[in-house]
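Analysis of the macromolecular model
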Amino acid sequence: TASLERALERAGITWPAIVREAGTHAGRVSGLAHNPAQVAAMIRNRSDYFVTSFVNFRSADLLFRKHRVFFIGKRHIFRHLLHGMHWNIHAKNREGFRPGDPQMVAEEKHILEHGLPAKVTDVLEAVRETVGLDYFGIDFGIMPDGDVVLFETNATMNFFPFSEMPCFDYVRACLKPAQDAVNELLYPEG
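Note that the structure is predicted; figures quoted are calculated from it, not measured. (Residues numbered from 1 in each chain as written. Predicted model: local features only at pLDDT ≥ 70, side-chain atom pairs only at ≥ 80, totals over all residues. Heavy atoms only, no water.)

Quick look at the overall build of the chain
Put simply, the rule is: Secondary structure elements follow DSSP: runs of H or I of four or more residues count as helices, runs of E of two or more count as strands, with numbering from the N terminus. Burial classes: relative accessible area under 20% of the type maximum marks a residue as buried, over 50% as exposed, and values in between as partly exposed (1.4 Å probe, protein chains only). It only takes one pair of heavy atoms within 4.5 Å for two residues to be counted as in contact. Using the Shrake-Rupley algorithm and a 1.4 Å probe, accessible areas are obtained, with residue cover drawn only from the displayed protein chains.
The secondary structure content of the chain amounts to five helices and seven strands. Scanning the chain from its N terminus toward the C terminus, one meets helices and strands in the order α-β-β-α-β-β-β-α-α-β-β-α. Projected onto the principal axes, the alpha-carbon positions of the chain cover approximately 60 × 40 × 30 Å. Classification of the 190 residues of the chain by burial places 37% in the buried group. Considering only residue pairs separated by 6 or more positions, the chain has 56% of its internal contacts joining residues 24 or more positions apart. When the accessible surface of the chain is totalled, it reaches about 11200 Å², and 55% of it is carbon and sulfur.

A look at the pattern of salt bridges
For clarity, the threshold we go by: Here, a salt bridge means any Lys or Arg side-chain nitrogen found within 4 Å of an Asp or Glu carboxyl oxygen.
Tallying each qualifying case throughout the model produces 11 salt bridges. Between K66 and D139 there is a salt bridge, with the nearest N and O atoms lying 3.6 Å from each other. With K66 in strand β4 (residues 64-72) and D139 in strand β6 (residues 135-142), this pair connects stretches of sequence that are 73 residues apart. Like K66, the residue D139 is buried in the burial classification. Notably, a salt bridge pairs D180 with K176, separated by 2.8 Å at the nearest N-O pair. Here the residue D180 and the residue K176 both occupy positions in helix α5 (residues 175-186), the gap between them amounting to four residues, near one helical turn.

A closer look at the side chain of H83
What counts is decided by this rule: In protein, a polar contact means a hydrogen-donor-capable atom and an acceptor-capable atom, both N or O and within 3.5 Å, with residues adjacent in sequence counting only if both atoms are side-chain atoms; elsewhere, any N or O pair within 3.5 Å suffices.
Checked against the element boundaries, H83 lands in strand β5 (residues 75-84). A polar atom in the side chain of H83 sits 2.9 Å from the side chain of E107. In this view, H83 contacts L63, F64, R65, I89, F97, M104 and E107; residues no more than four positions away in its chain are not counted.

Here's the deal with the sheet that holds strand β2 (residues 31-33)
Counted only if it meets this: We treat two strands as partners when DSSP finds at least two bridges between them. With axes taken as lines fitted to C-alpha atoms, and helix axes fitted only over the stretch in contact, angles between N-to-C directions fall between 0 and 180 degrees.
Read from one edge of the open sheet, three strands run β2-β1-β3, paired in antiparallel fashion. Both edges of this open sheet fall to β2 and β3 (49-53), since each of them pairs with a single strand only. Strand-to-strand twist of the sheet, defined as the mean angle between neighbouring strand axes without regard to direction, takes the value 30°. Note that strand β1 (residues 17-21) and β2 share three bridges and pair antiparallel.

A few points about the sheet that holds strand β7 (residues 148-154)
Overall, antiparallel pairing links the four strands, which are arranged β5-β4-β6-β7 in an open sheet. Each edge of the sheet is formed by a strand with only one pairing partner; in this case those strands are β5 and β7. Pairwise comparison of adjacent strand axes, ignoring direction, gives a mean angle of 20° for this sheet. With six bridges connecting them, β4 and β6 associate as antiparallel partners. Of the residues in β6, the one forming a bridge with I72 is Y135.

Some remarks on the nonpolar core
Under the convention used in this document: By nonpolar core we mean a set of buried residues, namely Ala, Val, Leu, Ile, Met, Phe, Trp, Tyr and Cys, connected to one another through side-chain atoms within 4.5 Å.
Of all hydrophobic cores here, the largest spans 13 residues; its most connected members are I72, I77 and F159. The residues contacting I72, other than those within four sequence positions of it, are I77, D134, Y135, A178, A181, V182 and L185. Core analysis: the next-biggest nonpolar cluster, separate from the first, contains 12 residues, V69, F78, I111 and V127 among them.

A look at the packing of aromatic side chains
Applied cut-off: Pairing of aromatic rings covers Phe, Tyr and the six-membered ring of Trp, with a centre-to-centre limit of 6.5 Å; geometry is then stacked below 30 degrees between planes, edge-to-face above 60, and tilted otherwise. Placement of a positive charge over a ring is assigned whenever Lys NZ or Arg CZ falls within 6 Å of the ring centre and within 35 degrees of the normal to the ring plane.
The full count for this structure, using the stated rule, is nine aromatic pairs. On the numbers, 6.1 Å between centres and 80° between planes, the contact of F159 with F162 is edge-to-face. Judged by relative accessible area, which is 8%, F159 ranks as buried. Taking the relative accessible area as the measure of exposure, F162 reaches 9% and is therefore buried. Feature note: the residues F70, Y135, F159, F160 and F162 constitute an aromatic cluster, connected by ring pairs. Directly above the ring of Y170 sits K109, whose terminal nitrogen or CZ lies 5.4 Å from the centroid.

Printed below as a string of structure tokens:
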């Protein structure tokens, strides 16, 4: 419709764009639209929808990477790095996409042990200050030039569960720092 097209234009939406019903989680998207008519076709009821310009964050190796960090008190805790061939990556996809791949494991372990690049942590700290909460999670991608693409910030983001596959046991290294951060937040005097 013309009013939808005007609203998308005013919002500065570029194409393609992700269409998602408000209040849905776990990666349930209506789809990727390439024009206002496709957006209109995806809106099937009177619910509210988010329309977000898609940013192609595919890496040079043709994989998409989704990082998750939790902010707990003054700390940020790296939770995981997921890889996939599709942009809509979720933890449930971890076990089905090259589980235990040595290169992907090494990449994720490196971040768990050494942290994220300074350019990324600077952006994350700016997000923390803007959000202003003691606890929340953030999902994001990193562009080849190091810029951060924010997917979601959420005060109820899932920290659990962990994969039951032994090849992913190393990810549990984030538990101790998270527990320490929670204790610092709840018992600041020690």
